[in-house]
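# Tertiary structure, described
So you can see what is in the structure, the chains are spelled out below.
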Amino acid sequence: MNLNKKDIKNLMFLILFAVVVYVGIQKADVLLVFARFLVGIAYPFLLGAAFAFVLNVPMSFLEKKLFGSAESKGKMKKLGRPLSLILSLILVVGVVLVVILVVVPEMGQTFMSVSASIEAAIPKLQTWAVETFHNNKQIAEWIQNLEFDWNSLIGAAVDFLKNGAGNVLNSTMAMARTVVNVLMNFFIALVFAVYILLQKEKLTVQIQKVFYAFLSAKAVKKVLDVCSLSYRTFASFVTGQCLEAAILGTMFFVSMTLLRFPYAMLIGILIAFTALIPIFGAFIGCVVGTFLILVVDPMKGLAFIVLFLVLQQVEGNLIYPHVVGNSVGLPSIWVLVAVTVGGSLMGVVGMLIFIPLTSVVYALFRQTVYKKLKERKIHDI
């Protein structure tokens, strides 16, 4: 058999690939440890890239709206990017401060109120149970002899959390190291994100040069098209989802305030945050809100469920199609699949990532299918 240089080169690559796969299977545990080590090193930079992507959405909007008309003014053009970035950071920090200064104290007061309500409701429930089972003396006596010490139950729960935290962290030093590592990773990620955002055009040119140096022009065009589609899909999803969540939370706060429901501010903010989770998020907020209101007033708790269903219909049929619309470009059945798979793999973060990611894959696959159908001259399906 006569082999030319190209065949010999391909054969050598195939043998090398087979050897690498064999060694990888034999040393899978070592490779897993090494992969975790690499991910640990790259984690701050991956987190910084994620920060940059999210911050780029409001930064680009502010830069275009506030400084877009200043293209001829050199100083304003140079200051536009840093000022837009600073305003975006202030916006994000403001949201975090609202959560810390409004939601956390409200949650504390709510917990104390719920605790007092449950403590007061237990004797009533016990009396009702005794009256219900008065024909069965054994059950009635057992219910009557039950004693609930709410303070001791809270103390036991706190002790459990302390012991659990102690078992996980093992020592105060371990906890301190964990906090320091988190803060260091966050600081490095933030600095890296700021650098990316301030130099994004320059970085884009550099990456394109690397692509053109090692890939063909056709391959580079394909890669850039995929990157452009991915960015548009993710940016549209993030913008639409955040705006839709803010509108839904505001609707709940205003309607609950007008109807004099308790915990209007807390439930409005809670639903706004949980609505960021596609499909299931708002229902999580509904369950928590219903429980909080039921403890105070059972009838208002039932009325809140009706209010939730009404506002969900308004949001789903009028607001969501116009705010988010078809920006993701994914049929409902695949949205459900993406949420389920992403949630099982990565939790809440997976739900948020897998919808635009699945949308990108769906769009690319759809383009390929239509291209193949066109090549085969099939138009009637």
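The following refers to the structure shown. (Residues numbered from 1 in each chain as written. Predicted model: local features only at pLDDT ≥ 70, side-chain atom pairs only at ≥ 80, totals over all residues. Heavy atoms only, no water.)

## Brief notes about the overall build of the chain
Scanning the chain for helices and strands turns up 12 helices and zero strands. N-terminal to C-terminal, the α/β element order of the chain is α-α-α-α-α-α-α-α-α-α-α-α. Per-residue burial for the chain yields a buried fraction of 24% across its 381 residues. (Helix = DSSP H or I, 4+ residues; strand = E, 2+ residues; numbered from the N terminus. Buried < 20%, exposed > 50% of the residue type's maximum accessible area, 1.4 Å probe, protein only.)

## Topic: the packing of aromatic side chains
Tallying each qualifying case throughout the model produces seven aromatic pairs. Ring geometry for Phe-45 against Phe-192: centres 5.3 Å apart, planes inclined by 85°, an arrangement best described as edge-to-face. Of this pair, Phe-45 sits in helix α2 (residues 28–67) while Phe-192 sits in helix α6 (residues 172–198), and the two are 147 residues apart along the sequence. The exposure class assigned to Phe-45 is partly exposed, which follows from its relative accessible area of 40%. Phe-192 sits in the partly exposed class, given a relative accessible area of 27%. Judged by centre distance (6.1 Å) and plane angle (55°), the rings of Phe-252 and Phe-304 are tilted. Of this pair, Phe-252 sits in helix α8 (residues 217–258) while Phe-304 sits in helix α11 (residues 298–323), placing them 52 residues apart in sequence. Residue Phe-252 is classed as buried on the basis of its relative accessible area, which comes to 0%. Here the aromatic cluster, defined as three or more aromatic residues joined through ring pairs, consists of Phe-252, Phe-261, Phe-283, Phe-304 and Phe-308. (Phe/Tyr/Trp six-rings, centres within 6.5 Å; stacked < 30°, edge-to-face > 60°.)

## Focus: unusual backbone geometry
The phi dihedral of Arg-260 falls on the positive side, at around 60°, and the residue is not glycine. The exposure class assigned to Arg-260 is exposed, which follows from its relative accessible area of 67%.

## Brief notes about α8
For α8, spanning 42 residues, the distance from its first C-alpha to its last is 61 Å, which sits close to the expected 62 Å at 1.5 Å a residue. Backbone geometry just downstream of α8 places Arg-260 in the positive-phi region, at approximately 60°. (Expected span 1.5 Å × (residues − 1).)

## Here we look at the nonpolar core
One finds Phe-252, Met-256, Ile-267 and Phe-304 to be the most contacted residues of the largest nonpolar core, which totals 20 residues. Only α8, α9 (264–274), α10 (281–296) and α11 provide two or more residues apiece to this core. Looking at this core element by element, the count peaks at five residues for α8. With sequence-adjacent residues up to four places away left out, Phe-252 is seen in contact with Gly-268, Ile-271, Phe-304, Phe-308 and Leu-311. Counting eight residues, the second largest nonpolar core, distinct from the first, contains Ile-277, Val-335, Met-351 and Phe-354. (Core = buried A, V, L, I, M, F, W, Y, C linked by side-chain atoms within 4.5 Å. Contact = heavy atoms within 4.5 Å.)

## Describing the environment of Pro-44
Summarising the element assignment, Pro-44 is placed in helix α2. Pro-44 sits 141 residues away from Asn-185 along the chain, and the two C-alpha atoms are 5.1 Å apart. Once residues within four sequence positions are removed from consideration, Pro-44 is found in contact with Asn-185, Ile-188 and Ala-189.

## So, the packing of α8 against α9
With their axes 8 Å apart at the nearest point, α8 and α9 run at an angle of 160° to one another. Judged on the interaxial angle alone, α9 and α8 are roughly antiparallel. Here α8 runs over α9; the crossing is right-handed. Contacts between α8 and α9 pair Ala-245, Leu-248, Gly-249, Phe-252, Phe-253, Met-256 and Thr-257 from the former with Ala-264, Met-265, Ile-267, Gly-268, Ile-271 and Ala-272 from the latter. (Axes fitted to C-alpha atoms, helices over the stretch in contact; angles between N-to-C directions. Parallel < 35°, antiparallel > 145°, perpendicular 65-115°, else oblique. Left-handed = near helix turned anticlockwise from the far one by under 90°.)

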